[in-house]
Amino acid sequence: DIGKPFNSVGLQTFLTMVAAPYQTARVAFQLVVAEACQGNEPQLQPLPELQHGLANLLQNAMQFAASRVTVYLEWRPDFLELRIHDDGPGIPPAILDRVGEPYISSRTAQGGHMGLGIFIALNLLEKTGATVTYDNLPQGGTATIVTWHDTAALGIIKA
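On a predicted model such as this, the values are computed, not experimentally measured, just so you know. (Residues numbered from 1 in each chain as written. Predicted model: local features only at pLDDT ≥ 70, side-chain atom pairs only at ≥ 80, totals over all residues. Heavy atoms only, no water.)

K.L.:
What's the story with the overall build of the protein chain in this structure? I'm lost.
P.N.:
A count of helices and strands for the protein chain gives 4 helices and 8 strands. Secondary structure elements in the protein chain, listed N-terminal to C-terminal, are β-α-β-β-α-β-β-α-α-β-β-β. Expressed as a percentage of the 159 residues in the protein chain, the buried residues total 42%. For the protein chain, the proportion of contacts with a sequence separation of at least 24, taken over those separated by at least 6, is 67%. For the protein chain, the exposed surface amounts to about 8,500 Å²; the carbon and sulfur share of it is 53%. (Helix = DSSP H or I, 4+ residues; strand = E, 2+ residues; numbered from the N terminus. Buried < 20%, exposed > 50% of the residue type's maximum accessible area, 1.4 Å probe, protein only. Contact = heavy atoms within 4.5 Å. Areas by Shrake-Rupley, 256 points an atom, 1.4 Å probe, with all protein chains shown as cover.)

K.L.:
Help me understand the pattern of salt bridges in this model?
P.N.:
Pairing between side chains of opposite charge can happen when their charged atoms approach one another. Scanning the model with the defined rule gives 2 salt bridges in all. Note that Glu74 is salt-bridged to Arg76, the shortest N-O span being 3.2 Å. Its salt-bridge partner being Glu81, residue Arg83 comes within 3.4 Å of it at the nearest N-O pair. Take Arg83: its relative accessible area is 33%, and that puts it in the partly exposed class. The class for Glu81 is buried, based on a relative accessible area of 14%. (Salt bridge = Lys/Arg side-chain N within 4 Å of Asp/Glu carboxyl O.)

K.L.:
Would you explain helix α1 (residues 11-19) in this entry?
P.N.:
Turn by turn, an α-helix covers 3.6 residues, leaving residues three or four places apart pointing in a common direction. Within α1 the residues assigned to the buried category are Leu11, Phe14, Leu15, Val18 and Ala19. End-on, the buried residues of α1 take up no more than an arc of 125°, which puts them together on one face. Those residues of α1 that are buried are in contact with β1 (9-10), β2 (28-33), β3 (43-44), α2 (48-64), β4 (68-76) and β5 (79-86). (Arc of directions from axis to C-beta.)

K.L.:
Whenever I open this one, the environment of Gln12 confuses me. Can you help?
P.N.:
Relative to the assigned elements, Gln12 resides in helix α1. Not counting residues within four places of it along the chain, the set of residues in contact with Gln12 comprises Leu31, Val33, Glu41 and Leu73.

K.L.:
When you look at the sheet that holds β4 in this model, what are you seeing that I'm missing?
P.N.:
Strand-to-strand pairing in sheets goes through backbone hydrogen bonds, with the strands running parallel or antiparallel. Strand order in the open sheet made by the 5 strands is β2-β4-β5-β7-β6, with mixed pairing throughout. Bordering the open sheet on either side are β2 and β6 (130-136), each of which pairs with just one other strand. The mean angle between the axes of side-by-side strands here comes to 15°, regardless of whether they run parallel or antiparallel. Seen against the sheet, α2 touches β2, β4, β5, β6 and β7 (142-148) and runs at an angle of roughly 25° to β5. (Pairing = 2+ DSSP bridges. Axes fitted to C-alpha atoms, helices over the stretch in contact; angles between N-to-C directions.)

K.L.:
It is not clear to me how the packing of α2 against helix α4 (residues 116-127) should be interpreted in this structure. Could you clarify?
P.N.:
In a packed pair of helices, the relevant descriptors are the angle between the two axes and the axis-to-axis distance. The N-to-C vectors of α2 and α4 enclose an angle of 145°; their axes lie 8 Å apart at closest approach. The two elements α2 and α4 cross, and the hand of that crossing is left-handed. Together, Glu49, Leu50, His52, Gly53, Leu54, Asn56, Leu57 and Asn60 of α2 and Gly117, Ile118, Ala121, Leu124, Leu125 and Lys127 of α4 make up the contact between the two elements. Of the residues contributing to the contact of α2 with α4, the split by class is 7 nonpolar, 5 polar and 2 charged. (Left-handed = near helix turned anticlockwise from the far one by under 90°. Nonpolar A, V, L, I, M, F, W, Y, C, P; charged D, E, K, R; others polar.)

Here it is as structure tokens:
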């Protein structure tokens, strides 16, 4: 199609490329596509805000994971959600509602981490229309949920 940008890439390929620099032999990385998906896999433009924002979230998940990071993908027309699950220690309840604020980190005492990476990632992803929320998983670990209810700002190209 002549109207399609040359730099579009499938969602799974994009996430694999973004996660690659942070993968280690210690942590398994997996993408899981929900059966409830509607339509073809989204093709998107690799916007810098999207790339850097998701890279930061994936890097963070892989740093905290004990052995596994799984990204669950679900899409429908005008909706896309990524659920990044890690099997790490989870987020301390005292800061769970404040994750993403600058200077809020569970690692502040460990080498001066100040939570600025997550703050920047959230701001970049918000520019693409995303909302980002965090939750602790019942079995341990963290769920980082990135949701777009309007994929137009994301650069989604309808297949």
